[in-house]
Amino acid sequence: MKMKFCLSCNKELVGRSDKKFCDTECRSTYHNTNRPLHEISIQKINSALRKNRSLLAHFCPSGKGTVKKEVLVQLGYRVDLFTHIYPFKTGTYFFCYEYGYLPIKEKGIDKMLIIQKQDYMDKLTYSPWSIKIEK
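The protein carries the name DUF2116 family Zn-ribbon domain-containing protein in an unreviewed UniProt entry, which gives Cellulophaga geojensis KL-A as its organism.

As structure tokens, this is what we get:
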């Protein structure tokens, strides 16, 4: 009988003939280290989006709040990542799942007016081609 070894730690395998790993930890380690690069990129972005959402929720306990942009950025908020946008008359809200913010400036200080998504926002539609980008 041919001896088989764990694909992760190279220990000798005992048990079923089709066994590839000695335990769940080795199986997880093997699959995590052999993931495609695009999967790793997706995981990093999703992790950052979850962190953004968590920070917005923390600073918006009653459905609306204002916080200095600098405070959120120092806590790890990534302003370049968001799930969707809603352009309103007052400006464009950048959402991270059900929490969004409107960039504002008060007395020369960059702040974020944070809101929680409302039911009426589901009915709003916009076309990305209607947004004018300044160069």
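Looking now at the overall build of the protein. Counting secondary structure elements, the protein contains three helices and five strands. Starting at the N terminus and ending at the C terminus, the protein contains elements arranged as α-α-β-α-β-β-β-β. For a compact globule of 135 residues, the expected C-alpha radius of gyration is about 14 Å, and the protein comes in at 23 Å, more than 25% above that figure. For the protein, the C-alpha atoms occupy an extent of roughly 75 × 35 × 30 Å along the three principal directions. Residues counted as buried form 24% of the 135 residues belonging to the protein. In the protein, the proportion of contacts linking residues at least 24 apart, taken out of those at least 6 apart, comes to 41%. For the protein, the accessible area works out to roughly 10300 Å², and carbon and sulfur atoms hold 54% of it. Side-chain charges of the protein comprise 24 positive and 13 negative groups, with the mean position of each set lying 2 Å from the other.

What follows deals with unusual backbone geometry. Of note in this structure, Tyr97 is not a glycine but carries a positive phi near 65 degrees. With respect to the element layout, Tyr97 can be found in the loop between β3 (91-96) and β4 (99-106). By relative accessible area, Tyr97 is classed as partly exposed at 35%. The phi dihedral of Lys107 is positive, around 50 degrees, even though this residue is not glycine. Note on placement: Lys107 falls in the loop between β4 and β5 (109-116).

Here the focus is the confidence of the model for the protein. Any segment with low pLDDT has predicted coordinates that should not be analysed in fine detail. Mean pLDDT over the protein works out to 91, with 96% of the residues at or above the 70 mark. The lowest-confidence element of the protein is strand β2 (residues 84-88), averaging 87 in pLDDT; the highest-confidence one is helix α3 (residues 69-74), averaging 97.

Before going further, it helps to spend a moment on the pattern of salt bridges. Within the structure shown, the criterion is met by five salt bridges. Residue Glu98 is joined to Arg53 by a salt bridge in which the shortest nitrogen-to-oxygen separation is 2.4 Å. Pair noted here: Glu98 is in the loop between β3 and β4 and Arg53 is in helix α2 (residues 37-58), with a separation of 45 residues, a long-range link. The class of Glu98 is partly exposed, set by a relative accessible area of 26%. Note that Arg78 and Asp80 form a salt bridge whose closest N and O atoms lie 2.8 Å from each other.

The rules behind each value
Residues numbered from 1 in each chain as written. Predicted model: local features only at pLDDT ≥ 70, side-chain atom pairs only at ≥ 80, totals over all residues. Heavy atoms only, no water. Helix = DSSP H or I, 4+ residues; strand = E, 2+ residues; numbered from the N terminus. Rg over C-alpha atoms; globule rule 2.2 N^0.38 Å. Buried < 20%, exposed > 50% of the residue type's maximum accessible area, 1.4 Å probe, protein only. Contact = heavy atoms within 4.5 Å. Areas by Shrake-Rupley, 256 points an atom, 1.4 Å probe, with all protein chains shown as cover. Lys, Arg positive; Asp, Glu negative; His and termini not counted. Charge placed at Lys NZ, Arg CZ, Asp CG, Glu CD. pLDDT = per-residue confidence, 0-100. Salt bridge = Lys/Arg side-chain N within 4 Å of Asp/Glu carboxyl O.

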